[in-house]
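Coordinate inspection notes
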Amino acid sequence: MLSIDEIIANALIEDAGDGDHTSLSTIPADAVGKAKLLVKQAGVLSGMEVAARVFSMVDPRINMLPLMKDGDAIQPGDIAFTVEGPSASILKAERLVLNFMQRMSGIATTTSQYVRQLEGLNTRVLDTRKTTPLMRAIEKMAVKHGGGHNHRFGLYDMIMIKDNHVDFAGGIAKAIHAANSYLKTTGRVLPVEIEVRNFDELKQVLDTGGVNRIMLDNFSPGNLRTAVEMIAGKYETEASGGITLETIRQYAETGVDFVSVGALTHQIKSLDLSLKAY
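Residues numbered from 1 in each chain as written. Predicted model: local features only at pLDDT ≥ 70, side-chain atom pairs only at ≥ 80, totals over all residues. Heavy atoms only, no water.

**Section: the UniProt feature "domain: Quinolinate phosphoribosyl transferase C-terminal" (unreviewed entry) in the chain**
Cross-referencing UniProt, the feature "domain: Quinolinate phosphoribosyl transferase C-terminal" (unreviewed entry) maps to residues 107–276 in the present numbering. Helix makes up 42% of residues 107–276 and strand 16%, and the two end C-alpha atoms of the span are 23 Å apart. (UniProt positions renumbered as here; feature names shortened; annotations may be inferred. Helix = DSSP H or I, 4+ residues; strand = E, 2+ residues; numbered from the N terminus.)

This is the structure:
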């Protein structure tokens with residue numbers, strides 16, 4: 001997975017190319033300016049750390065003064081930070097800072113809405129791998145700023161046996177046994193999760209064992225409650241599949257440990273933020 005600094009560096013190459021020729025041609029080289037990050041829409045702030053890295057990478061002479069922090073509730077009119085430094089450098093960083101912070105704040109805001117639906121319950125909200133290619137580290141950071149939790153980061157940090165794996169492996173028991181044999185042979189220590197689609201598959205998993213978590217995919221709330229009771233705390237439980245802001249509490253009230261929501265990162269409207277000179 002790309003580091004945040006690598007993401008920023010590549011984004012600068014994409015945006016700036018061989019130079020911001022508009023600023024270079026119109027702004028005196030010695031001009032110094034100030035700007036503020038103006039909040040124009042209510043939500044949850046995310047991206048302050050990323051913004052600081054962008055400014056530093058563009059020009060170490062830019063001084064960013066944070067006035068708020070990631071995870072803060074924000075309202076129109078709030079000022080998240082101010083910056084001061086070479087005017088052309090601030091302008092070079094402007095769009096990249098906004099692109100990151102607007103999307104990250106949108107993710108954090110949406111995540112916080114799901115998290116609030118679960119107040120008083122022990123169920124936790126998880127993200128998924130449904131992220132923008134090469135932006136995963138930043139988008140998953142934003143989920144945490146919104147109060148959510150990260151599922152696996154990629155294919156490398158968990159064994160996640162889904163329906164296609166089961167079908168290709170020749171069945172649930174074969175897939176689980178093969179996964180555990182692989183871990184033993186390679187000396188890796190990774191959690192094993194398996195997806196089930198119905199009670200028959202769940203019974204096969206319970207009879208086989210050898211997993212850490214069971215993902216109950218597209219179960220109705222009633223069936224999910226029954227499945228959680230069948231599992232009886234022997235394994236962690238996760239609900240997934242079409243769970244919305246309106247239905248998440250109903251699913252969580254079944255006692256399931258986790259609810260994974262792909263919409264946290266792939267159906268997001270960016271929050272309205274603006275960088276204004278002053």
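Still more ground to cover, so stick around.
**So, helix H7 (residues 172–186)**
Every α-helical turn comprises 3.6 residues, leaving residues that sit three or four positions apart pointing alike. Here H7 spans 21 Å end to end across 15 residues, near enough to the 21 Å set by a 1.5 Å rise per residue. All of the buried residues along H7 are Ile-172, Ala-175, Ile-176, Ala-179 and Leu-183. Seen end-on, H7 carries its buried residues on one side only, within an arc spanning 100°. Exposed side chains of H7 directed beyond 90 degrees from the buried face belong to Lys-174, His-177, Lys-184 and Thr-185. Buried residues along H7 sit against strand S7 (159–161), helix H6 (163–169), strand S8 (192–196) and helix H8 (199–208). Backbone geometry just downstream of H7 places Gly-187 in the positive-phi region, at approximately 75°. (Expected span 1.5 Å × (residues − 1). Buried < 20%, exposed > 50% of the residue type's maximum accessible area, 1.4 Å probe, protein only. Arc of directions from axis to C-beta. Contact = heavy atoms within 4.5 Å.)

**Let's talk about the packing of aromatic side chains**
Applying the stated criterion to the full structure yields two aromatic pairs. A centroid spacing of 5.8 Å and a plane angle of 80° characterise the contact between Phe-55 and Phe-81, whose relative ring orientation is edge-to-face. Of this pair, Phe-55 sits in helix H3 (residues 48–58) while Phe-81 sits in strand S5 (residues 79–86), placing them 26 residues apart in sequence. Of the two residues, Phe-55 and Phe-81, both sit in the buried class. (Phe/Tyr/Trp six-rings, centres within 6.5 Å; stacked < 30°, edge-to-face > 60°.)

**Some points on the pairing of S5**
Within a regular strand, side chains alternate between the sheet's two faces. For S5, the tally of buried residues reaches six of eight residues, placing the bulk of the element in the interior. Taken together, the six bridges between strand S1 (residues 32–39) and S5 define a ladder with antiparallel strand orientation. Among the inter-strand pairings, Leu-38 is bridged to a residue of S5, identified as Ile-79. In the sheet, strand S3 (residues 63–66) pairs with S5 via four bridges, with the strands oriented antiparallel. Within S5, the position partnered with Met-64 by the bridge is Val-83. (Pairing = 2+ DSSP bridges.)

**Some remarks on the side chain of Thr-128**
By the secondary structure assignment, Thr-128 is in the loop between strand S6 (124–126) and helix H5 (136–145). For Thr-128, the side chain forms a polar contact with the main-chain nitrogen of Lys-130, separated by 3.0 Å. With residues near it in sequence (within four places) discarded, Thr-128 still touches Lys-140, Ser-260, Val-261 and Gly-262. (Polar contact = N/O pair within 3.5 Å; in protein donor to acceptor, adjacent residues only side chain to side chain.)

**A few points about helix H4 (residues 87–116)**
For H4, with 30 residues, the first-to-last C-alpha span of 41 Å sits near the 44 Å given by 1.5 Å per residue. At Glu-94, H4 shows its maximal bend, which comes to roughly 35°. Most of H4 is tucked away: 21 of the 30 residues are buried. (Bend = angle between axes of the 7 residues up to and from the residue.)

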